[in-house]
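Results of the structural survey
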Amino acid sequence: MNQSNVSQTNVNHYLKTKKIGFIGAGNLAQAVIKGLFEGQVVPSHQIFASNRSPGKLQKLKDQFGIQVCTSNEEVVEKSDIVILAVKPQDLLIAIEPISQSFLAGQMVLSLAAGIRMKTLSQNLPQTRLVRMIPNTPALIGRGVIGYLMNEVDPGLEAMVEDLFSCLGKVIRMEDEDKLEAFMVASSSGTGFIFELMMYWQDWIEEHGFEPKVASEIVIETFLGASLLASQSGNGSFEELQMRVASRKGVTAAGLDSMRELEIERAMRISFEKSAMRNSEMARGLK
Ligand SMILES: NC(=O)c1ccc[n+]([C@@H]2O[C@H](COP(=O)([O-])OP(=O)(O)OC[C@H]3O[C@@H](n4cnc5c(N)ncnc54)[C@H](OP(=O)(O)O)[C@@H]3O)[C@@H](O)[C@H]2O)c1
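Residues numbered from 1 in each chain as written. Predicted model: local features only at pLDDT ≥ 70, side-chain atom pairs only at ≥ 80, totals over all residues. Heavy atoms only, no water.

Along its 12 residues, helix α2 (residues 27-38) runs 16 Å from first to last C-alpha, staying within 8% of the 16 Å computed at 1.5 Å per residue. All of the buried residues along α2 are L28, A29, A31, V32, I33, G35 and L36. The elements touched by buried residues of α2 are β1 (20-23), β2 (47-50), α3 (55-64) and α7 (154-164). Q40 occupies a position one or two residues after α2 and carries a positive phi of about 50°. (Helix = DSSP H or I, 4+ residues; strand = E, 2+ residues; numbered from the N terminus. Expected span 1.5 Å × (residues − 1). Buried < 20%, exposed > 50% of the residue type's maximum accessible area, 1.4 Å probe, protein only. Contact = heavy atoms within 4.5 Å.)

Turning next to the packing of α2 against α3. The contact between α2 and α3 brings their axes to 11 Å, and the two run at 15°. Overall, the two elements α2 and α3 adopt an arrangement that is roughly parallel. As for how α2 packs across α3, the hand of that crossing is right-handed. Between α2 and α3, the residues in contact are Q30, I33, K34 and F37 and K56, L60 and F64, respectively. Here the residues of the contact of α2 with α3 are counted per class, giving four nonpolar, one polar and two charged. (Axes fitted to C-alpha atoms, helices over the stretch in contact; angles between N-to-C directions. Parallel < 35°, antiparallel > 145°, perpendicular 65-115°, else oblique. Left-handed = near helix turned anticlockwise from the far one by under 90°. Nonpolar A, V, L, I, M, F, W, Y, C, P; charged D, E, K, R; others polar.)

Okay, here's the thing in structure tokens:
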């Protein structure tokens, strides 16, 4: 067994002894709970959850055997690791009244997109904090999840990655600027890709394809390109593109046009606009 296997085994063992609590039991919390249950990462009797309305909790209890809490405070008191899984606009409302219940050094992971580390630290100064940014494919285990910690701790790092690997690829960011750029690229980026997929579908439908078939063609084209890239080792996107586009050929004609029309410039401006909006929202501007 090599060194990394040893530490992974330790982390797995360590996690199995931990109590994990969720404040908010919506879509993302449900995806994590399902992943923890199916991956046998944590026994279900060590998973606790609270939610504003009770229906989702009963379903989670029936499905996975988790422990239902009647208040957010109870989750904090019973858990070693607390996952804040409410919408950003509900986060401070949820934690402010119970901030004193968090223990010194307790681990808190926030999934709320727009709430920065500084705000989290001001509200929960005694805790060890992790800010997580997943994208929507996380709901089917194919997300990319960026995270930032308020302190360097390799043990904590391994644990966060283990907890969230059920949602997809987990990547640590060194600072918040990187996390924000990551959010635009991956989280808003998912929305940008759907925009492109709509253009693809419209064009192919104009050539007589039924919407369902057109949609399948688009999905398989994007999926196939992504899978090919992911299985091409160190091959760059440019190399992969060169394999499709022969000189003066059909694909090259389209690519030349894309470059003349400055699609890259348009995309860059769109990324920057999202980044600016993100900063405005973090500063509390409407
Ligand atoms: N879903 C995604 O793909 C995705 C992707 C990226 C980031 N995120 C982030 O993940 C977080 C959760 O998103 P989600 O999609 O899971 O949202 P969601 O489905 O709306 O779940 C949020 C849950 O929080 C509960 N809640 C609200 N206020 C509460 C309070 N004070 N105490 C306890 N529970 C409370 C809500 O209860 P009710 O049942 O009463 O509404 C709801 O079930 C958000 O911060 C979001 O930004 C989600």
